[in-house]
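A structural walkthrough
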Amino acid sequence: MATSLVITSGKGGVGKSTTAANLGTALALMNKRVCMIDLDIGLRNLDVIMGLSNRIIYDIVDVASGRAQLHQALIKDKRFDDKLYLLPAAQNTVKNVLSPMDIVTIVNQLRPDFDYILLDCPAGIEQGFQNAIAGADGAIVICTPEIPSVSDADRVVGLLEQKQMKLAPRLIINRIIPGMMNAGDTMDIDEITKHLSIGLLGIVFEDDHVILASNKGVPVVMDPEDNASKGYRNIARRILGESVPLMTLKEHKPSFFERIFGRKKRRH
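So, a few notes on the structure that sits alongside this text. Because the structure is a prediction, the values reported are computed rather than measured. Per chain, the residues get numbers from 1 upward, laid out in the order the sequence is written. Local features in this predicted model are restricted to residues of pLDDT 70 or higher, and side-chain atom pairs are both shown and tallied only at a pLDDT of 80 or more, whereas totals for entire chains, interfaces and linings draw on every residue. Hydrogens and water molecules were not included; the side-chain quantities draw on all heavy atoms of the structure.

**Let's talk about the pattern of salt bridges**
Salt-bridge detection follows one rule: a side-chain nitrogen of Lys or Arg within 4 Å of a carboxyl oxygen of Asp or Glu. The tally for this structure, following the rule as stated, stands at seven salt bridges. A salt bridge links Arg33 to Asp82; its shortest N-O distance comes to 3.0 Å. Separated by 49 residues along the polypeptide, Arg33 in the loop between α1 (16–29) and β2 (34–38) and Asp82 in the loop between β3 (75–76) and β4 (84–87) bring together distant segments of the chain. Classification of residues uses two cut-offs on accessible area relative to the type maximum, computed with a 1.4 Å probe and protein chains only: under 20% is buried, over 50% is exposed, and between them is partly exposed. Judged by its relative accessible area of 34%, Asp82 is partly exposed. Across the pair Lys166 and Asp137 runs a salt bridge whose closest N-O atoms are separated by 3.9 Å. Remark: Asp137 occurs in the loop between α6 (127–134) and β6 (138–143) and Lys166 occurs in the loop between α7 (147–163) and β7 (170–176); sequence separation between them is 29 residues. Asp137 gets classed as buried once you look at its relative accessible area, which sits at 8%. Here the salt bridges share partners, and the residues they tie into one network are Arg111, Asp137 and Lys166. Strands here mean DSSP runs of E at least two residues long; helices mean DSSP runs of H or I at least four residues long; both are numbered from the N terminus.

**Here we look at the side chain of Ser229**
Relative to the assigned elements, Ser229 resides in helix α11 (residues 227–239). Note on Ser229: relative accessible area 0%, which makes it buried. The definition of a polar contact used here is a pair of N or O atoms within 3.5 Å, where within protein one atom must be able to donate a hydrogen and the other to accept one, and adjacent residues in sequence count solely through side-chain atom pairs. Among the polar contacts made by the side chain of Ser229, one reaches the main-chain carbonyl oxygen of Val221 at a distance of 3.1 Å. Should any heavy atoms of two residues lie within 4.5 Å, those residues are considered in contact. Excluding residues that lie within four positions of it along the chain, Ser229 makes contacts with Val220, Val221, Asp223 and Pro224.

**Side note on the packing of aromatic side chains**
In this scheme Phe, Tyr and Trp rings, the latter by its six-membered ring, pair at centre separations within 6.5 Å, and the angle between planes marks the pair as stacked below 30 degrees, edge-to-face above 60, and tilted otherwise. Counted by the stated rule, this structure contains one aromatic pair. On the basis of an interplanar angle of 80° and a centroid distance of 5.6 Å, the ring pair of Tyr85 and Phe114 is categorised as edge-to-face. Of this pair, Tyr85 sits in strand β4 while Phe114 sits in the loop between α5 (100–110) and β5 (116–120), placing them 29 residues apart in sequence. Like Tyr85, the residue Phe114 is buried in the burial classification. Positioned over the ring face of Phe114 is Arg33, at 5.0 Å from the centre of the ring. A positively charged side chain is recorded as over a ring if its NZ (Lys) or CZ (Arg) lies within 6 Å of the ring centre. The angle to the ring normal must also be within 35 degrees.

**Side note on the side chain of Asn22**
Structurally, the position occupied by Asn22 is in helix α1. The exposure class of Asn22 is buried, given its relative accessible area of 2%. A polar contact of 3.1 Å, which involves the side chain of Asn22, links it to the backbone nitrogen of Val220.

**Comments concerning a nonpolar patch on the surface**
Here a patch means residues that are over 30% exposed by relative accessible area and free of salt bridges, tied together within 9 Å if like-charged and within 5 Å if nonpolar (Val, Leu, Ile, Met, Phe, Trp, Tyr). To be clear on the numbers: accessible area is Shrake-Rupley with a 1.4 Å probe, and residue cover counts the displayed protein chains and nothing else. On the surface, a cluster of nonpolar side chains totalling about 220 Å² of accessible area is made up of Leu29, Val218 and Met222. Assignment of secondary structure puts Leu29 in helix α1. Look at Leu29 and you get partly exposed, because its relative accessible area is 42%.

**Quick notes on the nonpolar core**
Grouped together as the largest cluster of nonpolar side chains are 51 residues, with contacts concentrated most on Val6, Ile37, Ile60, Leu87 and Leu110. For this core, the leading source of residues is α7, giving six residues. Ignoring any residue separated from it by four or fewer positions in sequence, one finds Val6 in contact with Leu119, Cys121, Ala132, Ile133, Ala136, Gly138, Ala139, Ile140 and Met165. Met50, Ile140, Val204 and Ile239 belong to the second largest nonpolar core, which has 36 residues in total. Residues enter a nonpolar core if they are buried and are Ala, Val, Leu, Ile, Met, Phe, Trp, Tyr or Cys, with the set joined through side-chain atoms within 4.5 Å.

**Side note on the pairing of β2**
Across the five residues of β2, five count as buried, placing the element largely inside the fold. Burial along β2 is two-sided: Val34, Met36 and Asp38 facing one way and Cys35 and Ile37 facing the other are all buried. In this sheet, β4 lies alongside β2 in parallel orientation, the contact comprising four bridges. The partner of Cys35 across the bridge, within β4, is Tyr85. For two strands to pair, DSSP has to find at least two bridges joining them. Bridging between β2 and β5 involves five bridges; their strand directions are parallel. Looking at the pairing, Val34 lines up with Tyr116 of β5.

What follows is the structure, given as structure tokens:
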């Protein structure tokens, strides 16, 4: 029976869909059967990141409304044999068309056939958030090392704790630029984890290859040598229960973005 995990943040633009795509892919590469569910109704982009847009016939709203069977809407990613599937969001409909019970029903239908179900939560803490957490056993909270992002994540953690999920929420700090963090221009890892008071699942470095890979519909995690790929692969291993040391800022190879904007550590 599958474990269902919602990937959320509160704030938009922190990399939820990219995280969902890369963790789903990493778990599939580790021989786990994974279904990713895009719940960003009206926008949807998980299919774009995965390179599956041209294969969409039915979506999650079609399933919930009875216009299609669940198996008809699932898109199999042929790159991973029978390991990775996507249930896409609806693009041309209102955001509140689904209810929490719709998501619970769909997730429960999927559980017997998968090891993990990843729910890509829309931004905000409104109806879409309530729908996503309703079907989840646990949560992965995404934030960047910026004060507004950490503040929004703190609000989400409080709401998740009220929900009392089976699994405690865990944190991914995304888009870390080591030069800026070392210089004190962003919050550091210890500050963020102490403020949010949840377990740290992993860190991911800022990496221009993530954008290039998304534009090509190929998750960056498929390149084992990439900076961000290593972060996502380590996180997937921790999800499976492995003990994996946290990457250090010294392991990071400067990206194009960091070579232009990164700074040297201040002298005190």
